[in-house]
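Structure at a glance
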There are 2 protein chains.
Amino acid sequence: MNISEVSKKYNIPIDTLRYYEKEGLLPPVRRTESGLRDYSEQDCGWVEFIKCMRGAGLSIDTLRQYITLYGKGNRTLQKRKNLLVSERDKLKARIDEMQKTLQRLNYKIKVYEERIVACEKELLRKRKSK
Amino acid sequence: MNISEVSKKYNIPIDTLRYYEKEGLLPPVRRTESGLRDYSEQDCGWVEFIKCMRGAGLSIDTLRQYITLYGKGNRTLQKRKNLLVSERDKLKARIDEMQKTLQRLNYKIKVYEERIVACEKELLRKRKSK
DNA sequence: CTAAACCCTGGAGTTGGCTTTAAGTCAAGC
DNA sequence: GCTTGACTTAAAGCCAACTCCAGGGTTTAG
């Protein structure tokens, strides 16, 4: 799979794919003889994983650490788990905060709706009294 | 209330408070004769609101638009509500995405735990067979 | 009265995460 | 054989959102 196919499949710009690789977010992708990237199934898996994690706000640096540990094999299992747990906890905290803000926005919107209705009634009243 | 008190109260750096004001995220704060900022209750309310909304990912630009509309009075009620609804919807979408990623992380962590247990058993087996 | 601590402004610098550019290689279609 | 379009690299550029700095005025404790 060449870079533009991967780009289309996951809807990630080509430049971003190269950037992620340069930054060590995925293991160096195999090349054809002429030097073109040829993504394996596993590479695609990483790309999808990165996209998902970036979407949830994990930093480039954190993901680089994770894949670096992954590259060192089984003896980093515990460290990788710890990293995931720590990111999971942070993510959970972010979600909780955002949930509260969501509710606050919903409440604000409700108040706006009431005020808008009140405004319209007021207009109607004025028009009648003319 | 002077700027460092507000900074401490909401845990926002002084520079950031000034930056927000410069960017039009809150109405110009009243000054003492000598030119020092003196935050009113209402100013504090805005600061808290901004902190909350920024924490949920609303952009500086969006918040500037909101307060600009607010400054124009009642005739912008509908526009302000529309803006809030649009941001609410985006926030909800972000939360949903992050929820999915949270579950994925939880699953991954579970798998890691099992693998770690398996690894430990393996070690124990080796030690016994010596 | 003065030193230390605090506040002011305008503008420059930093950070994270891309995104574009320049200059070149390579493969396929006409 | 030549053009077109996709790929390559390293490096520079860009954007949002801060963050820091220089140079100067103000407030307060001793």
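Refer to the structure presented above.
Values in this document were obtained by computation on a predicted structure and should not be read as measured data.

**Notes on the protein's contact with DNA strand C**
As a structural note, the neighbourhood of DNA strand C is formed by 18 residues, with D15(A), R54(A), S4(B), R18(B) and R37(B) the closest of them. In DNA strand C, atoms within 4 Å of the protein come 83% from sugar and phosphate. Side-chain polar atom of R31(B) to a phosphate oxygen of DNA strand C: 2.9 Å apart, as the coordinates give it. When contributions to the surface near DNA strand C are tallied by element, the ones reaching two or more residues are α2 (14-22) of chain A together with α1 (3-10) and α2 (14-22) of chain B. Per-element tally for the surface near DNA strand C: the top contributor is α2(A), with four residues.

**A closer look at the interface of chain A and chain B**
The partner chain B presents 35 residues to the 35 residues of chain A that form the contact. For the pairing of chain A and chain B, the buried interface totals around 3600 Å² over both sides, and the portion due to carbon and sulfur atoms is 71%. Where chain A packs against chain B, one counts four salt bridges. Inspection of the region where chain A meets chain B yields twelve residue pairs in polar contact (both at pLDDT 80 or more).

**Regarding the relation of the copies chain A and chain B**
In summary, the two copies of the chain are related to each other by a rotation about an axis coupled with a shift along it. In the superposition of chain A on chain B (RMSD 0.2 Å, axial shift 0.0 Å), the rotation amounts to 180°. Such a turn and shift between the copies fits a two-fold axis. Identified as the residue of chain A closest to the rotation axis by C-alpha distance is I95(A), at 3.0 Å.

**Remarks on the packing of aromatic side chains**
All names here are of chain A. Enumeration over the complete set of coordinates arrives at ten aromatic pairs over all chains. Considering the side-chain rings of W46 and Y70, the 5.0 Å spacing of their centres and the 85° angle between planes classify their relative orientation as edge-to-face. In this pair, W46 sits in helix α3 (residues 41-55) while Y70 sits in helix α4 (residues 60-71), placing the two residues 24 residues apart along the sequence. Among the residues examined, Y70 registers a relative accessible area of 34% and is labelled partly exposed.

**Topic: the packing of helix α5 (residues 77-128) of chain A against helix α5 (residues 77-128) of chain B**
It is at 7 Å that the axes of α5(A) and α5(B) come closest, and there the two elements cross at 160°. Looking at the two axes, α5(A) sits roughly antiparallel to α5(B). You can see that α5(A) and α5(B) cross each other, and the crossing is left-handed. When the residues that make up the contact of α5(A) with α5(B) are grouped by side-chain class, the tally is 24 nonpolar, eight polar and 18 charged.

**A closer look at the protein's contact with DNA strand D**
By nearness alone, 18 residues border DNA strand D, and S4(A), R18(A), R37(A), S34(B) and R54(B) come closest of all. Across the atoms of DNA strand D situated within 4 Å of the protein, the share located in sugar and phosphate is 80%. At 2.5 Å from a phosphate oxygen of DNA strand D is found a side-chain nitrogen or oxygen belonging to R18(A). Elements supplying a minimum of two residues to the surface near DNA strand D: α1 (3-10) and α2 of chain A together with α2 of chain B.

**Structural notes on unusual backbone geometry**
Outside of glycine, negative phi angles account for most residues, and trans bonds account for most peptide bonds. All names here are of chain A. Even without a glycine there, the phi angle at N11 is positive, about 55°. Here N11 lies in the loop between α1 and α2. Judged by its relative accessible area of 63%, N11 is exposed.

**Some details on the side chain of K81(A)**
For K81(A), the position within the fold is in helix α5. Taking the relative accessible area as the measure of exposure, K81(A) reaches 15% and is therefore buried.

**Some details on the packing of α4(A) against α5(A)**
Residue and element names in this part refer to chain A. Between α4 and α5, the shortest axis-to-axis distance is 9 Å and the interhelical angle comes to 160°. Taken together, the axes of α4 and α5 lie roughly antiparallel to each other. Crossing angle aside, the handedness with which α4 passes α5 is left-handed. Where α4 abuts α5, its residues T62, Q65, Y66, L69 and Y70 lie against K79, R80, L83, L84 and E87. The class makeup of the residues in the contact of α4 with α5 is five nonpolar, two polar and three charged.

What counts as what
Residues numbered from 1 in each chain as written. Chains lettered and ligands numbered in written order. Predicted model: local features only at pLDDT ≥ 70, side-chain atom pairs only at ≥ 80, totals over all residues. Heavy atoms only, no water. Near = heavy atom within 4 Å. Polar contact = N/O pair within 3.5 Å; in protein donor to acceptor, adjacent residues only side chain to side chain. Helix = DSSP H or I, 4+ residues; strand = E, 2+ residues; numbered from the N terminus. Contact = heavy atoms within 4.5 Å. Buried area = accessible area lost by both parts, 1.4 Å probe. Salt bridge = Lys/Arg side-chain N within 4 Å of Asp/Glu carboxyl O. Least-squares fit on C-alpha atoms with pLDDT ≥ 70 in both. Phe/Tyr/Trp six-rings, centres within 6.5 Å; stacked < 30°, edge-to-face > 60°. Buried < 20%, exposed > 50% of the residue type's maximum accessible area, 1.4 Å probe, protein only. Axes fitted to C-alpha atoms, helices over the stretch in contact; angles between N-to-C directions. Parallel < 35°, antiparallel > 145°, perpendicular 65-115°, else oblique. Left-handed = near helix turned anticlockwise from the far one by under 90°. Nonpolar A, V, L, I, M, F, W, Y, C, P; charged D, E, K, R; others polar.

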